[in-house]
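Examination of the molecular architecture
Chain by chain, the residues run as shown.
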Amino acid sequence: MADETNGPNSEQIDYWNGDAGDKWVDAQERLDPVLEGMGLLGMDQGGVNPGERVIDIGCGCGATSLELARRVGPMGSVLGVDISSPMLRRAAERAAAESLGHAVFANADASSYQFEEGAADLVFSRFGVMFFRNSDEAFTNIRRGMRPGGRLCFVCWQPLIKNAWVTLPRDIALRHVPPPEPPNPDDPGPFAFADPAKVEGILGRAGFSDAAMTPYDTTMYHLGSVEEVTHFMIYFGPASRLLEEADNDVKTTVEAEVRAEIAARHDGEGVAFPAAVWVATATT
Ligand SMILES: C[S@@+](CC[C@H](N)C(=O)[O-])C[C@H]1O[C@@H](n2cnc3c(N)ncnc32)[C@H](O)[C@@H]1O
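Residues numbered from 1 in each chain as written. Predicted model: local features only at pLDDT ≥ 70, side-chain atom pairs only at ≥ 80, totals over all residues. Heavy atoms only, no water.

Quick word on the site of the ligand
We apply this condition: A single heavy atom is enough: if one lies within 4 Å of a molecule or strand, its residue is considered near that molecule or strand. N or O atoms within 3.5 Å of each other form a polar contact, as long as, within protein, one can give a hydrogen and the other can take it, and as long as residues adjacent in sequence are counted only when both atoms are side-chain atoms. We get accessible surface area from the Shrake-Rupley algorithm with a probe of 1.4 Å; when it comes to residues, only the shown protein chains can shield them. Gly is placed with the polar residues, together with every amino acid not listed as nonpolar (Ala, Val, Leu, Ile, Met, Phe, Trp, Tyr, Cys and Pro) or charged (Asp, Glu, Lys and Arg).
Around the ligand there are 18 residues in total, and G58, D82, D109, A110 and R126 lie nearest to it. For the ligand, an oxygen atom lies 2.5 Å from a polar atom in the side chain of D82. Contacts to the ligand include D109, whose side-chain N or O atom sits 2.9 Å from a nitrogen atom. Here the ligand loses 96% of its free accessible area of 600 Å² to cover by the protein chains. Within the shell around the ligand, the residues separate by chemical class into ten nonpolar, five polar and three charged.

Here's what the structure looks like:
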């Protein structure tokens with residue numbers, strides 16, 4: 001990757017190349033089915049046609065890049081862009097295992113990467129565009145890589161309060177640990193694009209037309225035993241940061257309380273949580 005260590009997204013580069021990247025790689029097989037439906041909502045709404053050139057921003061371990069590659073077929077191409085070396089390694093291994101040679105990956109910050117100018121028919125992302133320090137600049141840069149009339153389509157989270165997969169462990173943890181500093185709404189993070197007017201403003205300033213945000217209330221289904229789902233909910237999602245400094249007694253108490261809630265919702269195979277996303281669309 002070009003030297004971005006002092007760039008605007010250096011904190012995110014550290015974060016996604018540290019424990020977070022390793023956690024996503026370790027959890028890839030468990031996470032793919034949990035997130036799959038939300039990515040497909042975006043692909044179906046954005047449309048993916050055989051032969052198209054597609055960019056997948058923040059492609060992570062590659063699940064969506066592979067699906068895009070299957071949809072565009074060998075006459076098309078997919079470029080997955082991400083800043084996380086461990087996640088990209090997994091993505092490239094999976095593309096090779098499926099012989100999807102027309103899916104390639106770049107280890108780069110999408111906000112400054114020099115995309116081939118005017119080339120992409122479609123830019124897609126599943127939860128990979130909420131982490132830019134300067135979103136106006138990032139989307140301006142991304143738009144340069146798209147052909148006139150090209151489509152942008154990405155999936156991002158609606159507000160935290162509508163996403164029980166976060167609020168359940170978080171609210172329990174907050175009974176036992178001090179609340180974090182209230183987040184600055186302009187900071188990068190999973191819920192940074194929860195406000196549709198904000199996103200439409202960013203896309204408009206970046207030169208996109210017809211920006212629209214379509215809401216979807218959906219379900220996140222976590223397959224696994226009560227114990228597995230409990231552990232995942234506490235130590236994978238945003239709630240995990242709340243417990244980083246907690247002592248073992250507090251962790252044990254939080255685990256017991258979350259376990260009781262998960263057990264009450266478990267259907268024998270897993271647990272369904274309400275989840276709410278936006279599918280953002282725009283054209284160049
Ligand atoms: C929540 S994960 C989603 C990963 C993947 N899209 C998925 O749905 O499984 C966010 C991804 O965005 C990537 N990311 C964050 N900032 C980025 C940037 N400036 N340029 C490219 N990728 C970025 C992270 O490394 C991470 O892989």
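Observations concerning the pairing of strand β3 (residues 103–107)
Condition: One requirement defines pairing of two strands: DSSP has to find at least two bridges between them. Helix and strand assignments come from DSSP, with helices taken as H or I runs of at least 4 residues and strands as E runs of at least 2, each series counted from the N terminus. We call a crossover right-handed when, viewed with the strands running away from us, the connection from the first strand over the helix to the second turns clockwise.
Sheet analysis places strand β2 (residues 77–82) next to β3, joined by five bridges and oriented parallel. Within β3, the position partnered with G80 by the bridge is F105. Once the chain exits β2 it traverses helix α5 (residues 85–97) before rejoining the sheet at β3, and the crossover so formed is right-handed.

Overview of the packing of helix α2 (residues 19–26) against α5
Just so we agree on the cut-off: Whenever a helix is involved, its axis is fitted only over the stretch in contact; in every case the axis is a line through C-alpha atoms, and angles between N-to-C directions fall within 0 to 180 degrees. Should an angle fall under 35 degrees it is called roughly parallel, over 145 degrees roughly antiparallel, and 65 to 115 degrees roughly perpendicular, with every other angle called oblique. By definition in these notes, contact holds between two residues if any of their heavy atoms fall within 4.5 Å.
At a minimum axis distance of 8 Å, the contact between α2 and α5 shows a crossing angle of 25 degrees. It follows that α2 is roughly parallel to α5 by the angle criterion. Note on element contacts: α5 touches α2 through P86, M87 and R90, opposite G21, D22, W24 and V25.

Examining the sheet that holds strand β4 (residues 120–126)
The seven strands are arranged β3-β2-β1-β4-β5-β7-β6 in an open sheet whose pairing can be described as mixed. Two strands lie at the open edges of the sheet, namely β3 and β6 (209–223), each paired on one side alone. If you compare each strand with its neighbour and ignore which way they point, the axes differ by 20 degrees on average. The strands touched by helix α8 (residues 196–205) within the sheet are β5 (146–157), β6 and β7 (270–283), with β6 carrying the most contacts at an inclination of about 130 degrees.

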